[in-house]
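Per-entry structural report
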Amino acid sequence: MEEFSQIFVDEASEHIAKLEEAVLKLENDKNNHELIDQIFRVMHSLKGAAGMFGFEKIGEYTHGLEDIYENIRTGKTEITEELIDITFDSVDHLRNLLANPELSDKKIQIRHYDLIKIIKTIKGNIGAEENIKNIQEKIIVKNEFNNNNNASYYIYFKPHSEILNEGIDPLLIISDLSKFGESKVFKNIDYVEDLRLLDVTKCYTCWHIFLSTNSSVNEIKDHFIFVESKSELKISKICSFNIFKKNGIIEKLESVIKSAKNKDIDIEREIINAISLNGKRDFSNTEKNKKNRENTKSTIKVSSEKLDELMNLVSELVTAQAELGVLSNLHNIQKLTTVAENIEKISRSLRDNALNICLVPIEEMIFQFKRLVRDLSNELNKEIEFQTEGTDTELDKRLIENLKEPFMHIFRNAIDHGIESSDERISKGKKSTGTIKLKAYYSGAEVHIQIIDDGNGMDPERIREKAIQKKLIKKEDELSKKEILELIFQPGFSTAEVITDVSGRGVGMDVVKRKINEINGIVEVESEINEGTTITIKLPLSLSIIDALLVKIDKTPFLLPLSFVDKCDEASTDQIINSVNNRIKIDDELIPLIYLRKEFEIDKNCPEMHRLIIIKYDGKKIALVVDSIVGEHQAVLKPLGEVECKKEIITSACILGDGSVALVMDTNKLVEYYGKRKEKRENNYYEKLKFKL
Amino acid sequence: MKNALVVDDFRSIRTVVATILKKEGFTVTEAENGLDALKYLDGSIKFDIIISDVDMPVMGGIPLIKELRTKSSYKNTSVIMLTSNPIERKINEIQGLNIKEWLVKPFDYLNFKKIIEDCQQN
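Computed from a predicted model, the values in this text were never measured in an experiment.

1. So, the overall build of chain B
Across its full length, chain B carries five helices and five strands. Residues counted as buried form 46% of the 122 residues belonging to chain B. Across chain B, every contact between residues at least 6 apart in sequence was considered, and the portion connecting residues at least 24 apart equals 62%.

Structure follows, in structure tokens:
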């Protein structure tokens, strides 16, 4: 089984993430049966599967929740805020249990039993008696078991005081336990009242039971099924062998029980300690420890620096490989060519792997924000809907790590200062529920992430006043609206009149800006009074290496990111110059073209045939006209720094195999830049060209 | 070669069951739910044993077995049901379905193996 537990951990994590998402949705849509069904199913499957892979605690935990959701599913009860809260807590707790199945962390252990208790009370409110009736109608399917007794359990059973009045004999239940295997029972009469106060019809006794069996926790639990809902029952596996076959353990356990008295939680730990101190280390425990170590091995945390270094080395390798490629072409030695091609293949997959390590969809961090929005809006008593778009946009893991904090800040601001209270919103004629939207998309070599709220927006006048007051600007300074809005990024600027716990004091947008700038990003803000605020974060696609198409215009090499290239075609110069409205017919489709020779004002060595690179821009096709296509190239992007060039369309540079430098064009920006320009020089240029031809 | 069909919505359970079956010399086909399983039942492989979870999305185990028994070639095929609840379904629902064995999750590896062996002998 051990080898499968990692598969289970992975799958369970997926299910828990789905669970969290479902609960978030359920909160806004309490009657959605599909969601309830989904939650029930996760609980149900987790319960069944967890036990198979040695995560008994998860099985034990989900059991209660499953019952509650079953009741909701069948319409016996309704969803309450309390239930949603506990389900959220459970999501967190289940994650803890996955990482720490043995509850070795004391805090988690305490939390575990606290939560189970809460779940039990919720469940108790939901017609326990009805349940029992239902159960009687159903059949009980039982497993056979043999007498290997390969595990020992500690059972703490404290029946509710009215159990005798209900005609149930707790002693019978306990003596019946012997059908599971060998057992030893210790009574606990600490709860028995003083003789004068004693009510003979009530049950005061509780029992500590040690049971060796090869039945599972759930099977033992089922034994208590008729009394479980009202009684205190705790069943925990203490080791994977028969404690009755080892000398001295029972005596030790007896003393543990006697000394521990009423401290229930400690007993379990003491028992496990007592067993392991007995000199015979529990086999399953060491096995579990090994598994824990393996778990940590399979998901290790690596510092960003190490990843950076790896990426740098891969970049160097790719550049070196390009050189090798050029050399092998030059010398044309069969063996060298084979080696060069091999190295190219390897370096390519190495590059892809290295990049992949660093890339994660931003979805991963969005969950936290969903939680934040939910918790904060509850706290501040605001109705807020959180929407997302483009969550599959992938970003470098390092960037994501650095983004969490600034994003939290922006969200806090939006919830605290941006979105108004429901009453205020209604009086303004807005929907009573505010919206915060996180939208992510690729824009050329950048990823843009926007946080859009439809709150009360920012008042430029107030910002201006505040800035003057804070001596950030002078009274006579004239600023555009954009410049005024940018002031919120100045250190020590905070417009909230009342400082709340939520958005803190003073440390505000300046931290956001600094953090984003640190990772080469840009923060922009747009805001309309009463309409809302949009904060846009533009991040470089930190992909420092991309697949690109190497093209030439005259003798100058250029690179186009291959991901934007749809297909390549060709056309004669004549066709291009005589095109109507700058459109050319390709595959029966009229596609607008951008003649790069013209735009770059290169008129030397015009070839007779031109190559068309059809790229995708905003879902449409656009043809870029170049002289020739050299081929695919793995481009290691180097920032241009202070070099003077058309930064609007050129994002970076790349060193080619022969040592020359090629500029990398941003196709999106290229289209925007040249698409907007009026056809100023056009006629002029063509006249000149025709003259030369 | 013996063929087995494993139906469960939980991937890890399928993996475990499939691994045990493979060790027993079965060729295993995995399905995510009842409907998925029916596709395979109509396919070219004739399964010698079917192991199915009870509670699954889209189509559960009981409707699957009901459907299965209507097929002439599967009238007497061994069926083992997996369940998380020992008290899963009402008696009348499973009457006449000729279910060989019920296994309560978490089930024991040796127990499972024994049941498989029993099924093969018959």
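That shown, we press on.
2. Some thoughts on the overall build of chain A
Looking only at helices and strands, one finds 23 helices and 22 strands in chain A. Sequence-distant contacts, at least 24 apart, represent 70% of the contacts inside chain A between residues at least 6 apart.

3. Observations regarding unusual backbone geometry
Residue and element names in this part refer to chain A. For Asp554, which is not glycine, the phi torsion reads 55° and is therefore positive. Take Asp554: it is sitting in the loop between strand S12 (545–553) and strand S13 (556–561). Although it is not a glycine, Asn605 sits at a positive phi angle of roughly 45°. With respect to the element layout, Asn605 can be found in the loop between helix H21 (596–599) and strand S17 (609–617). Asn605 sits in the exposed class, given 11 other C-beta atoms within 10 Å.

4. With respect to the packing of helix H12 (residues 304–331) of chain A against helix H13 (residues 334–358) of chain A
When two helices pack together, their arrangement is given by the angle between their axes and by how far apart the axes lie. All names here are of chain A. The geometry of H12 relative to H13 is characterised by a closest axis approach of 9 Å and an angle of 160° between their N-to-C directions. One way to sum up the angle between H12 and H13 is to call them roughly antiparallel. Crossing of H12 against H13: the hand is left-handed. For the pair H12 and H13, the contacting residues are Leu307, Leu310, Met311, Val314, Leu317, Val318, Gln321, Leu324, Gly325, Ser328 and His331 in the first and Leu336, Thr337, Ala340, Ile343, Glu344, Ser347, Leu350, Arg351, Ala354, Ile357 and Cys358 in the second. A per-class count over the contact of H12 with H13 returns 14 nonpolar, six polar and two charged.

5. Describing the nonpolar core
Generally speaking, nonpolar side chains in soluble globular proteins are found buried as a group. Judged by nonpolar contacts, the single largest core of 64 residues is most densely connected at Ile39 and Ala49 of chain A together with Ala4, Leu5 and Ile51 of chain B. Listed in part, the 40 residues of the second largest apolar core include Val318, Leu593, Val664 and Leu670 of chain A.

6. With respect to the sheet that holds strand S4 (residues 232–239) of chain A
Sheet strands pair via backbone hydrogen bonds, and the direction of the pair is either parallel or antiparallel. Residues and elements named next belong to chain A. Overall, antiparallel pairing links the four strands, which are arranged S2-S3-S1-S4 in an open sheet. Two strands lie at the open edges of the sheet, namely strand S2 (181–188) and S4, each paired on one side alone. Pairwise comparison of adjacent strand axes, ignoring direction, gives a mean angle of 15° for this sheet.

7. Considerations on H12 of chain A
For H12 of chain A, with 28 residues, the first-to-last C-alpha span of 41 Å sits near the 40 Å given by 1.5 Å per residue. Among the residues of H12 of chain A, Met311, Val314, Val318, Thr319, Gln321, Ala322, Gly325 and Ser328 of chain A are the ones counted as buried.

8. Comments concerning the sheet that holds strand S16 (residues 589–595) of chain A
Residues and elements named next belong to chain A. As summarised here, the arrangement of the five strands in space is S14-S17-S18-S16-S15, forming an open sheet in which the pairing is mixed. Among the strands making up the open sheet, the edge pair consists of strand S14 (565–572) and strand S15 (583–586). The average undirected angle you get between the axes of adjacent strands in this sheet is 40°. Bridge count for S14 against S17 is seven bridges, and the pairing is antiparallel. What sits directly across from Glu570, in S17, is Arg611.

9. Re the confidence of the model for chain A
Residues and elements named next belong to chain A. Here chain A shows a mean pLDDT of 78. Residues at 70 or above account for 84%. Of all the helices and strands in chain A, helix H6 (residues 128–137) carries the lowest mean pLDDT, 45, while S13 carries the highest, 89. Contacts of residues 128–147 to residues separated by more than four positions or lying in other chains number 28 contacts, the stretch itself having pLDDT below 50. For the stretch residues 496–506, pLDDT sits under 50, and the model shows 15 contacts to residues farther than four places along the chain or on other chains.

10. Thoughts on the pairing of strand S22 (residues 661–665) of chain A
Residue and element names in this part refer to chain A. When S13 meets S22, the two strands line up parallel, connected through two bridges. Bridge assignment links Phe558 to a residue of S22, and that residue is Leu663. Turn length for the strand S21 (residues 650–655)-S22 hairpin, with the two strands adjacent in sequence and antiparallel, is five residues, and the turn residue Gly659 shows positive phi of about 90°.

11. Let's talk about the packing of helix H2 (residues 34–41) of chain B against helix H3 (residues 61–69) of chain B
All names here are of chain B. Put simply, H2 and H3 touch, their axes get as near as 9 Å, and they point 25° apart. Overall, the two elements H2 and H3 adopt an arrangement that is roughly parallel. Crossing of H2 against H3: the hand is right-handed. Contacts from Gly34, Ala37, Leu38 and Leu41 of H2 reach H3 at Gly61, Pro63, Leu64, Glu67 and Leu68.

12. A closer look at the environment of Lys585 of chain A
Residue and element names in this part refer to chain A. With respect to the helices, strands and loops of the structure, Lys585 is situated in strand S15. The exposure class assigned to Lys585 is exposed, which follows from the 12 C-beta atoms found within 10 Å. Along the sequence, Lys585 and Ala571 sit 14 residues apart, while their C-alpha atoms lie 9.8 Å from each other.

13. What to know about the environment of Leu359 of chain A
Residue and element names in this part refer to chain A. Along the chain, Leu359 falls in strand S5 (residues 359–361). By C-beta crowding, Leu359 is classed as partly exposed, having 16 other C-beta atoms within 10 Å. Along the sequence, Leu359 and Ile400 sit 41 residues apart, while their C-alpha atoms lie 9.1 Å from each other. Setting aside residues up to four positions removed in sequence, Leu359 forms contacts with Glu394, Asp396 and Lys397.

14. Details of helix H3 (residues 56–73) of chain A
The periodicity of an α-helix, 3.6 residues per turn, causes residues three or four places apart in sequence to face the same way. Residue and element names in this part refer to chain A. Taking 1.5 Å as the rise per residue, H3 with 18 residues should run 26 Å; its terminal C-alpha atoms sit 25 Å apart, in good agreement. A maximum bend of about 30° is found in H3 at His63. Burial of H3 is extensive: 15 of the 18 residues sit out of reach of the surface. At the exit of H3 stands Gly75, carrying a positive phi of roughly 80°.

15. Considerations on the confidence of the model for chain B
The share of residues in chain B with pLDDT of 70 or more is 89%, and the mean pLDDT across the chain is 83. Scored as a complex, the prediction yields pTM 0.40 and ipTM 0.78.

16. Describing the environment of Tyr442 of chain A
All names here are of chain A. Summarising the element assignment, Tyr442 is placed in strand S8 (residues 434–443). Classification of Tyr442 by C-beta neighbours within 10 Å gives partly exposed; the count is 16. Between the C-alpha atoms of Tyr442 and Thr393, which are 49 residues apart in sequence, the distance is 7.2 Å. Excluding anything up to four places from it in sequence, Tyr442 contacts Thr393 and Val447.

The rules we used
Residue numbers restart at each chain and count upward from 1, following the sequence in its written direction. The order in which chains are written sets their letters, starting at A; the order in which ligands are written sets their numbers, starting at 1. Under the rules for a predicted model, residues below a pLDDT of 70 receive no local features and side-chain atom pairs below 80 are neither given nor counted, while totals for whole chains, interfaces and linings still include all residues. Put simply, DSSP marks the helices as runs of H or I at least four residues long and the strands as runs of E at least two long, and each gets a number from the N terminus on. Note on burial: count the other C-beta atoms lying within 10 Å of the residue's C-beta; 20 or more is buried, 12 or fewer is exposed, in between is partly exposed, and C-beta positions come from the backbone. Here, residue contact means that the backbone-derived C-beta atoms of the two residues sit within 7 Å. The axes used here are C-alpha line fits, helices contributing only the stretch in contact, and every angle between their N-to-C directions lies in the interval 0 to 180 degrees. We call two directions roughly parallel when the angle between them is under 35 degrees, roughly antiparallel when it is over 145, roughly perpendicular when it lies between 65 and 115, and oblique otherwise. We call a crossing left-handed when the near helix sits turned anticlockwise from the far one by less than a right angle, and right-handed when that turn is clockwise. Note on residue classes: Ala, Val, Leu, Ile, Met, Phe, Trp, Tyr, Cys and Pro are nonpolar, Asp, Glu, Lys and Arg are charged, and everything else, Gly too, is polar. The term nonpolar core refers to a set of buried Ala, Val, Leu, Ile, Met, Phe, Trp, Tyr and Cys residues connected through C-beta atoms within 7 Å. Pairing between two strands is assigned when DSSP locates at least 2 bridges connecting them. Each residue after the first adds 1.5 Å to the expected span of a helix. Per-residue confidence from the predictor is given as pLDDT, running between 0 and 100. To get the bend at a residue, fit one axis to the 7 residues ending there and another to the 7 starting there, then take the angle between the axes.

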